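Summary of the model geometry
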Amino acid sequence: MSGPSQDPLPAVTTTHPGLSAAEVAERVARGEVNDVPVRSSRSTQEIVRANVFTRFNAIIGVLFLIILAVGPLQDGLFGFVIIANTAIGIFQELRAKKTLDSLAVIGEAKPTVRRDGTPVPLPTGAIVLGDVIELGPGDKCVVDGEVVEAEGLEIDESLLTGEADPVLKKPGDAVMSGSFVVAGGGAFTATKVGREAYAAQLAEEATRFTLVHSELRTGISTILKYVTWLMLPAAIGLVVSQLVVQGHDWREAVRRMVAGIVPMVPEGLVLLTSVAFAIGVIRLGRKQCLVQELPAIEGLARVDVVCLDKTGTLTEGGMDVSELRVLAGAEDRESSVRQVLGALGEADPRPNASLQAIIDAYPDGSGGWRCTEALPFSSARKYSGAALNGPDGESGTWLLGAPDVLLPAGDPALAETDRLNAQGLRVLLLARAARDLDDPRVTEDVRPTALVVLEQRLRSDAAETLRYFAEQNVSAKVISGDNAVSVGAVAAKLALPGAEAPVDARKLPRETEAMATALDRGAVFGRVTPQQKRDMVGALQSRGHTVAMTGDGVNDVLALKDADIGVSMGSGSEATRAVAQIVLLNNSFATLPSVVAEGRRVIGNITRVATLFLTKTVYSVLLAVLVVCTRVSYPFLPRHLTLLSTLTIGVPAFFLALAPNKERARPHFVRRVMRYAIPSGLIAGAATFAAYLLARAHYADAGLAPADTLGAETSAATLTLFLISLWVLAIIARPYTWWRVALVAAMGAGFVVVLVVPWLQRFFALKLIGATMPWTAVAIAAAAGLALELTWRWVGRRFPA
């Protein structure tokens, strides 16, 4: 990278001691505290309000009050079901909130603040105006402030300004909350805290709990909007037909109208979606996985490409120096090289993993070498540097970084580097520079001195995790800033398909379409810059891929933000944790399959049960239209449809929504659900109405009292609708397992119990009279079931998902 990020600064030794305890207490008393709430979830009050005050609770509540006025109470059972469902929703979401909040405390960033001259990690809410906050690579600026110390401090403000290039900061420059450090270090004084910092307000809004703003939620809202518009004319038509045309008592007319309207409302679908997501959060929380945004569960279910950063994901964060090779022709002895490496380590107060390995390997230190200027490591540059004065008065400029970046093509040292990289080893080059550190062409004409060979530790669970993704048809792309051959060797050890053909990202085309083609072909990419990572995510998305990006370093931040799902390690930098939707607090890459599986379970199951709910909506609308057009009595009372909904939708949907499901989520939720719900609802409504008309004709001359006649007609229609609805449930429950078969059988048995127990017969006003009509109802239901089977197969072929 050229420009300001190339320029080094003299090492700064001035130390600002920060505030004293008395000064802190004084500012706290004045309210000058960073009191912006960092919440991972809604408050208890918001959860209760969101679950109670919904559009459909209002509609059902009004209808419930109407039934309470006209009676009897058993026709108002649907109201108690709504109360129970709402209570379940509140309870589950409160459990999810407790899980989220406890995990958020664990994963909360704690910036280092100087108090009484001592650096201490503090929660962001404990920072006060005037605090001196230290910065290092990967640290996020949590409040607005002014730089007081800078050692090559480069800050990326792209998340706020959109400007891609890091900005070199000097004492007196402003820093904004929400920006993050990409290289160097320093300290700044907090000048704006709490809600006064505009960027902090943006961050609060961006990270605040959101309830599934997703295709799933949007699709359900779209369906409910159309249902709302259908309900008003249906209610008017039913009242007129029952009261005026049929001449029913007004109480009976109102009951029949309510019976026609209530089943149109798929109220349980919204509840079940919220409950399924809340339970997903709880399950993932037990695995130390913090879901910062609930839509991430759905997003991961749709992922078909996962981009992995090698360091910290496939390999552990730490490394070991396995060998130091002084190159032929170098002027320096090995002992001198060790001292120079020690001096480079001492020059960086916040060493990365590679430099930390060097520090650990050479604990004797600099041996008298003193740093006068420092150029911190940058992922964009791929090297760091320092101007050193030796113990004998010798001075020189040294660079430590990627051999293929510092050396021209064809240099003899590169051949040795390639051999080492092919073994999966990481290699750094120590070289003398002929130019000053502040020279933009400092890498030209360097004299290679030594190769530092680093051994990377593979994660024990990485191979199994990659195998899981392969089995689930999720493409894994390893994107790293390291040498491509070295990355390919590591990936090959983990049996990643395509690892044998690593790609040097410096040779990738810049055009999005051409880059997307190269990404589709390759699996391992090395020497990738942070901006390239971002471009690669965009290129994959341009091909319609849903992309998840994992990472833990500051060089991953931009790509994590642009990916459909960003996954950060808990030990990662503050910046990566801030922009990621999912944080793996246990730093285990093996947790990711659990997250993907949870997302697939939620989305796949909600799609299944949505078909149940919307089938009921379709047949309810059709029955209302047929009743109005044919001017007959509405065949059901509210209690009948409450019974049917409970046995064929409510209870089984709850169990089906929480069942295992590994199918990858697919787009077009509304279309995929309605393609089955509409024909199923039409078949169920038409068959039920046909049975009802036959029952009217059959019982017309049976010599029954008018009330008994209507009861017998209703019972035949109820039996027909129940059997068809049970058939729809049986189709949706496939593929069968023992518990799914038991679930369907239990629902059927429940209806039989209602038919044979006298007091339940009276309670639900169900009594089958004679043998002819009940068996006719069974025959009609069987014919409808056959039509359902044929229709579902035809729809599956004609309208594939």
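Before reading on, note that the structure itself is shown above.
Residues numbered from 1 in each chain as written. Predicted model: local features only at pLDDT ≥ 70, side-chain atom pairs only at ≥ 80, totals over all residues. Heavy atoms only, no water.

**Quick notes on the overall build of the chain**
Summing up its helical and strand segments, the chain has 27 helices and 22 strands in all. Taken over 801 residues, the chain has a buried fraction of 57%. A fraction of 74% describes how many contacts in the chain between residues 6 or more apart in sequence connect residues 24 or more apart. In the form shown here, the chain has an accessible surface area of approximately 32,100 Å², with 59% of it arising from carbon and sulfur atoms. Here the chain holds 76 positive side-chain charges and 79 negative ones, and the gap between their average locations is 13 Å. (Helix = DSSP H or I, 4+ residues; strand = E, 2+ residues; numbered from the N terminus. Buried < 20%, exposed > 50% of the residue type's maximum accessible area, 1.4 Å probe, protein only. Contact = heavy atoms within 4.5 Å. Areas by Shrake-Rupley, 256 points an atom, 1.4 Å probe, with all protein chains shown as cover. Lys, Arg positive; Asp, Glu negative; His and termini not counted. Charge placed at Lys NZ, Arg CZ, Asp CG, Glu CD.)

**Things to note about the sheet that holds strand 10 (residues 305-308)**
The strand order across the open sheet built from eight strands is 9-22-21-20-10-17-19-18, with neighbouring strands paired in mixed fashion. Where the open sheet ends on each side, the last strands, each with one partner, are strand 9 (289-291) and strand 18 (503-504). As judged from the two bridges shared by strand 17 (residues 475-479) and strand 19 (residues 524-526), these two strands associate in the parallel manner. Following the sheet pairing, I479 is matched in strand 19 by F525. Sheet strands in contact with helix 16 (residues 484-493) are strand 17, strand 18 and strand 19, and its direction is about 145° off that of strand 19. Set on the sheet, helix 18 (residues 530-542) makes contact with strand 10, strand 17, strand 19 and strand 20 (547-551); between it and strand 20 the angle comes to about 160°. (Pairing = 2+ DSSP bridges. Axes fitted to C-alpha atoms, helices over the stretch in contact; angles between N-to-C directions.)

**Quick word on the pairing of strand 17**
For a regular strand, the rule is simple: side chains alternate between the two faces of the sheet. A large share of strand 17 lies buried, amounting to four of its five residues. The pairing of strand 10 with strand 17 spans four bridges and is classified as parallel. From the neighbouring strand, C307 faces strand 17, where its bridge partner is K477.

**Remarks on the pairing of strand 3 (residues 118-121)**
Strand direction decides the pairing type here: strand 2 (residues 112-115) and strand 3, joined by four bridges, are antiparallel. Considered in strand 3, the bridge of T112 is made with P121. Connecting strand 2 to the antiparallel partner strand 3 that follows it, the hairpin turn spans two residues, and D116 within it adopts a positive phi of roughly 55°.

**Concerning the packing of aromatic side chains**
With the rule as written, the count across this model stands at eight aromatic pairs. The interplanar angle of 20° and the centroid separation of 4.2 Å between the aromatic rings of Y676 and W792 together place this pair among those described as stacked. Note that Y676 is positioned in helix 23 (residues 669-699) and W792 in helix 27 (residues 772-798), a separation of 116 residues in sequence. Ring geometry for F722 and F751: centres 4.0 Å apart, planes at 10°, overall stacked. Remark: F751 occurs in helix 25 (residues 738-756) and F722 occurs in helix 24 (residues 706-732); sequence separation between them is 29 residues. In this pair, the class of F722 matches that of F751, namely buried. The ring centre of Y226 lies 5.5 Å from the NZ or CZ of K225, which sits over that ring. (Phe/Tyr/Trp six-rings, centres within 6.5 Å; stacked < 30°, edge-to-face > 60°. Lys NZ or Arg CZ within 6 Å of the ring centre and 35° of its normal.)

**Remarks on the pattern of salt bridges**
A full pass over the atoms with the stated rule returns 25 salt bridges. Put simply, R115 and D131 hold a salt bridge, and the shortest N to O gap is 2.7 Å. With R115 in strand 2 and D131 in the loop between strand 3 and strand 4 (132-135), this pair connects stretches of sequence that are 16 residues apart. In this structure, the salt-bridge partner of E598 is R601, at a minimum N-O distance of 2.5 Å. Of this pair, E598 and R601 both sit in helix 21 (residues 592-630), separated by three residues, roughly a single helical turn. Across the pair, R601 and E598 agree in class, each one buried. Bridged by salt links that share partners, the residues R435, D439, R441, E444 and D445 form one connected network. (Salt bridge = Lys/Arg side-chain N within 4 Å of Asp/Glu carboxyl O.)

**Here's the deal with the packing of helix 3 (residues 55-70) against helix 8 (residues 250-261)**
Taken N-terminus to C-terminus, the directions of helix 3 and helix 8 make an angle of 155°; their axes are 10 Å apart at the nearest point. The orientation of helix 3 relative to helix 8 falls into the category roughly antiparallel. Considering only the axes of helix 3 and helix 8, their crossing is left-handed. Residues L63, I66, I67 and V70 of helix 3 pack against W250, R251, V254, R255, V258 and I261 of helix 8. Partitioned by chemical class, the residues of the contact of helix 3 with helix 8 number eight nonpolar, no polar and two charged. (Parallel < 35°, antiparallel > 145°, perpendicular 65-115°, else oblique. Left-handed = near helix turned anticlockwise from the far one by under 90°. Nonpolar A, V, L, I, M, F, W, Y, C, P; charged D, E, K, R; others polar.)

**So, helix 21**
In this model, helix 21 (39 residues) spans 57 Å end to end at C-alpha, consistent with the 57 Å of a helix rising 1.5 Å per residue. Counting buried residues along helix 21, 33 of its 39 residues qualify, which places the element largely inside the surrounding structure. Positive phi shows up at R631, right after helix 21, with a value of about 60°. (Expected span 1.5 Å × (residues − 1).)

**What to know about the nonpolar core**
Counting residues in hydrophobic clusters, the biggest one holds 130 residues, and the most contacted among them are L496 and I582. For this core, the leading source of residues is helix 21, giving 16 residues. Of all hydrophobic cores here, the second largest spans 27 residues; its members include C307, A518, V554 and A575. (Core = buried A, V, L, I, M, F, W, Y, C linked by side-chain atoms within 4.5 Å.)

**What about the side chain of R381?**
Structurally, R381 is set in the loop between strand 12 (370-378) and strand 13 (383-389). The buried category is assigned to R381, whose relative accessible area is 3%. A polar side-chain atom of R381 sits 2.3 Å from the main-chain carbonyl oxygen of P376. (Polar contact = N/O pair within 3.5 Å; in protein donor to acceptor, adjacent residues only side chain to side chain.)

**A word on unusual backbone geometry**
Residue R734 is joined to P735 through a cis peptide bond whose omega torsion reads -5°. Along the chain, P735 turns up in the loop between helix 24 and helix 25. The backbone phi angle of A495 is positive, close to 60°, even though this residue is not glycine. With respect to the helices and strands, the residue A495 is situated in the loop between helix 16 and strand 18. On the basis of relative accessibility, which here comes to 62%, the residue A495 falls in the exposed class.

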